[in-house]
Amino acid sequence: MQFDSFTVKESPDNRTTRPHILPIYATSSFAFEDIDQGIGIFQNIESGHVYSRYANPTVDAVAQKIADLETHGLNMTAHAVMTSSGMSAISTLLLGVLKTGDKVLSQANLYGGTTDLLKSIFGQFGVETVFANLRDPEEVERRFREDSTIKMLYCETPANPTLACIDIQLLSDIAHKYDAWCAIDNTFSTPYLQQPFAFGVDFIVHSTTKFLNGHGNSTAGIVIGKDKEVMRKKVWNAMKLVGTNCSPFEAWLTYNGLKTLTLRMDRHCANAQTLAEFLENHPAVAKVNYPGLASHPDHALAQRQMRGNGGMLSFELKGGLEAGIACMNRIRFCTLAPTLGDTDTLILHPASMSHLSVPKAVRLENGITDGLVRVSVGIENVADIVADLEQAIA
Ligand SMILES: *Cc1c(COP(=O)(O)O)cnc(C)c1O
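Residues numbered from 1 in each chain as written. Predicted model: local features only at pLDDT ≥ 70, side-chain atom pairs only at ≥ 80, totals over all residues. Heavy atoms only, no water.

Some thoughts on the overall build of the protein chain
And step 1. Within the protein chain one finds 14 helices and 12 strands.
And step 2. Taking 394 residues into account, the globule formula puts the C-alpha radius of gyration at 21 Å, and the protein chain, at 22 Å, falls close to it.
And step 3. Seen through its principal axes, the protein chain has C-alpha atoms that stretch 75 × 55 × 35 Å.
And step 4. Out of the 394 residues in the protein chain, the part that is buried amounts to 57%.
And step 5. Excluding contacts between residues fewer than 6 apart, the proportion of contacts in the protein chain whose partners are at least 24 apart in sequence is 73%. (Helix = DSSP H or I, 4+ residues; strand = E, 2+ residues; numbered from the N terminus. Rg over C-alpha atoms; globule rule 2.2 N^0.38 Å. Buried < 20%, exposed > 50% of the residue type's maximum accessible area, 1.4 Å probe, protein only. Contact = heavy atoms within 4.5 Å.)

Given below as structure tokens:
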């Protein structure tokens, strides 16, 4: 079956020059010239497409582009499978490489949906997750030492919504010492700001729905891995059989968004830094979480493993929950929406929205207080963003 990426070099219409922009292959299957070709392709002797759940030229081209971004300048190659969403990227990876009895070691402050997926779906099939403090290397090492069934370390950095960072190199070294995989969700940073393969991870997942697409108009995900055989025999196989494939149209929207990734990320970072500094100096604000501020506990680590501090920040008003809700109700220019990574500035209240399913005690332990407000800082004129928050807080 076709696995290797497909670059569109020729127009299907041979009277024209080739398309400048990647075409959308809206086809469920691909025709064989004759029976021999069909047999050859099915036996993996000849390359060619078969069926769009297995592989689609549009989807493959975008998958390879993102894999190339993750390995840019690292003198290595990676292999990718695009999926229907970020959640399906995570589930496809876990379904592909883990089995009943294996355990995952992870952190409590994951994306809310991921915590829920690990507990409620994978738990049902005997793949349990141990939640530990991944910022404490001694605890991580002890967990591995005491439990040889931990087969994957799964992490997120910076993590939602306090932007807490963890040392990727340190974690992947410990995981490998105990023969486990190390996987990371790189959605918040994108490869432009952080390349986890440089720090030894085995797998990277993204919700491309967020910064990679960047325009809030598509839902998709991706799994990227260093080992071609593992990616083909395990991850791609799981994608094909579970049917978590990405639609060519969603892949195409992602491809379109990727063209401006660096421009957008530079602006997200600059706007977030300005807004974070404004909030930190505001008398009504108790606390601002942004890795670009010297006051952030992981400021030094972020400067070491990231090229920029990203577009996400969160803050807490001195008035707590009531003040936070009142502020959100006065927002006019920004948008109250439960997503992130768009060109528009988006505001969310984690305690009542993204982290609703996380028990309050666990939330508080991870800095997700009742009054915390999360901002995905957009690429608008920063003066407009600051002015909106200023009037909303006043
Ligand atoms: C949104 C998000 C996901 C889930 O992605 P979907 O595309 O919504 O399925 C996973 N991880 C992180 C960090 C996210 O922000």
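There is more to say after this.
Description of the side chain of Thr92
And step 1. Among the secondary structure elements, Thr92 is positioned in helix α3 (residues 86–97).
And step 2. Beyond its immediate sequence surroundings of up to four residues, Thr92 is in contact with Thr83, Val235, Ala238, Met239 and Thr244.

Considerations on the domain arrangement of the protein chain
And step 1. Under the domain assignment, the protein chain is made up of domain 1 (35–258) and domain 2 (262–393).
And step 2. For domain 1 and domain 2, the distance between their C-alpha centres works out to 26 Å.
And step 3. Between domain 1 and domain 2, the residue contacts involve 36 residues of the former and 39 residues of the latter.
And step 4. Taken as a group, Tyr192, Leu193 and Phe211 account for 25% of the area that domain 1 buries against domain 2, more than any other trio of residues on that side.
And step 5. The interface formed by domain 1 and domain 2 contains two salt bridges.
And step 6. Among the ionic pairs, Arg304 bridges to Asp167, the shortest N-O distance being 3.4 Å.
And step 7. Where domain 1 touches domain 2, the interface holds 19 residue pairs in polar contact (both at pLDDT 80 or more).
And step 8. Every element with two or more residues in the side of domain 1 that touches domain 2 is listed here: α4 (112–122), α7 (190–193) and α9 (248–258).
And step 9. When residues in the side of domain 1 that touches domain 2 are grouped by element, the largest group, four residues, is from α7.
And step 10. Classifying every residue of the side of domain 1 that touches domain 2 by side-chain character gives 17 nonpolar, 14 polar and five charged. (Domains from an automatic or database assignment. Buried area = accessible area lost by both parts, 1.4 Å probe. Salt bridge = Lys/Arg side-chain N within 4 Å of Asp/Glu carboxyl O. Polar contact = N/O pair within 3.5 Å; in protein donor to acceptor, adjacent residues only side chain to side chain. Nonpolar A, V, L, I, M, F, W, Y, C, P; charged D, E, K, R; others polar.)

So, the packing of aromatic side chains
And step 1. For the coordinates displayed, the defined rule picks out four aromatic pairs.
And step 2. Here Tyr51 and Tyr54 contribute two aromatic rings whose centre-to-centre distance is 5.8 Å and whose plane-to-plane angle is 80°, an arrangement assigned as edge-to-face.
And step 3. Owing to a relative accessible area of 36%, Tyr51 belongs among the partly exposed residues under this scheme.
And step 4. Taking the ring centre of Tyr54 as reference, the NZ or CZ of Lys240 above it sits at 5.3 Å. (Phe/Tyr/Trp six-rings, centres within 6.5 Å; stacked < 30°, edge-to-face > 60°. Lys NZ or Arg CZ within 6 Å of the ring centre and 35° of its normal.)

Topic: helix α10 (residues 261–280)
And step 1. Its 20 residues place the ends of α10 28 Å apart at the C-alpha level, agreeing with the 28 Å of an ideal helix rising 1.5 Å per residue.
And step 2. What α10 keeps buried is the set Leu261, Arg264, Met265, His268, Cys269, Asn271, Ala272, Gln273, Leu275, Ala276, Phe278 and Leu279. (Expected span 1.5 Å × (residues − 1).)

Describing the nonpolar core
Most often, soluble globular proteins have nonpolar side chains that are buried together.
And step 1. Ranked by size, the top nonpolar core spans 50 residues in total, and within it Met82, Leu105, Phe144, Leu153 and Ile224 carry the most contacts.
And step 2. At six residues, the largest contribution of residues to this core is made by helix α2 (residues 57–71).
And step 3. Each of domain 1 (35–258) and domain 2 (262–393) gives at least three residues to this core.
And step 4. If we skip the residues at most four places from it in the chain, Ile224 touches Ile66, Ala67, Glu70, Ala78, His79, Ala80, Phe197, Asp202, Phe203, Ile204, His206 and Met231.
And step 5. The next biggest cluster of nonpolar side chains, apart from the first, holds 27 residues, and it includes Leu117, Met152, Ala183 and Val205. (Core = buried A, V, L, I, M, F, W, Y, C linked by side-chain atoms within 4.5 Å.)

Examining helix α5 (residues 137–146)
And step 1. Within the sequence span of α5, burial applies to Glu139, Val140, Glu141 and Phe144.
And step 2. The backbone nitrogen of Glu138 has a side-chain oxygen 3.0 Å away, supplied by the residue at the start of α5, namely Asp136.

As for the site of the ligand
And step 1. Around the ligand sit Ser85, Gly86, Met87, Tyr111, Asp185, Thr187, Phe188, Ser207, Thr209, Lys210, Ala220 and Leu340, and those are all the residues in its vicinity.
And step 2. Between an oxygen atom of the ligand and a main-chain N or O atom of Gly86, the distance comes to 2.9 Å.
And step 3. Contact between the ligand and Thr209: an oxygen atom at 2.7 Å from a side-chain N or O atom of the residue.
And step 4. Notes on the ligand: free accessible area 380 Å², of which the protein chains cover 92%.
And step 5. Taken together, the residues of the shell around the ligand break down into five nonpolar, five polar and two charged. (Near = heavy atom within 4 Å. Areas by Shrake-Rupley, 256 points an atom, 1.4 Å probe, with all protein chains shown as cover.)

A short note on a nonpolar patch on the surface
And step 1. Residues Leu95, Leu241 and Val242 make up a contiguous nonpolar surface patch of about 290 Å² in total accessible area.
And step 2. Tracing the backbone shows Leu95 in helix α3. (Patch = residues over 30% accessible without salt bridge, like charges linked within 9 Å, V, L, I, M, F, W, Y side chains within 5 Å.)

Observations concerning the sheet that holds strand β12 (residues 372–376)
And step 1. Taken in spatial order, the five strands of this open sheet run β8-β9-β12-β11-β10, and their pairing is mixed. The two strands at the open ends of the sheet, each matched to only one other strand, are β8 (285–289) and β10 (335–336).
And step 2. In terms of strand pairing, β10 meets strand β11 (residues 346–348) through two bridges, oriented parallel. Looking across to β11, one finds that Leu336 is bridged to Ile347.
And step 3. This element, helix α12 (residues 320–330), spans β9 (312–317), β10, β11 and β12 of the sheet and lies at about 125° to β9. (Pairing = 2+ DSSP bridges. Axes fitted to C-alpha atoms, helices over the stretch in contact; angles between N-to-C directions.)

Side note on the pairing of β9
And step 1. Burial within β9 is extensive, with six of its six residues counted as buried.
And step 2. Residues Met312, Ser314 and Glu316 of β9 are buried on one face, and the alternating residues Leu313, Phe315 and Leu317, pointing to the opposite face, are buried as well.
And step 3. Direction of pairing for β8 relative to β9: antiparallel, over a ladder of four bridges. Following the sheet pairing, Lys287 is matched in β9 by Glu316.
And step 4. Pairing of β9 with β12, which is carried by five bridges, proceeds in the antiparallel orientation. Bridging from a neighbouring strand, Leu313 pairs with Val375 of β12.

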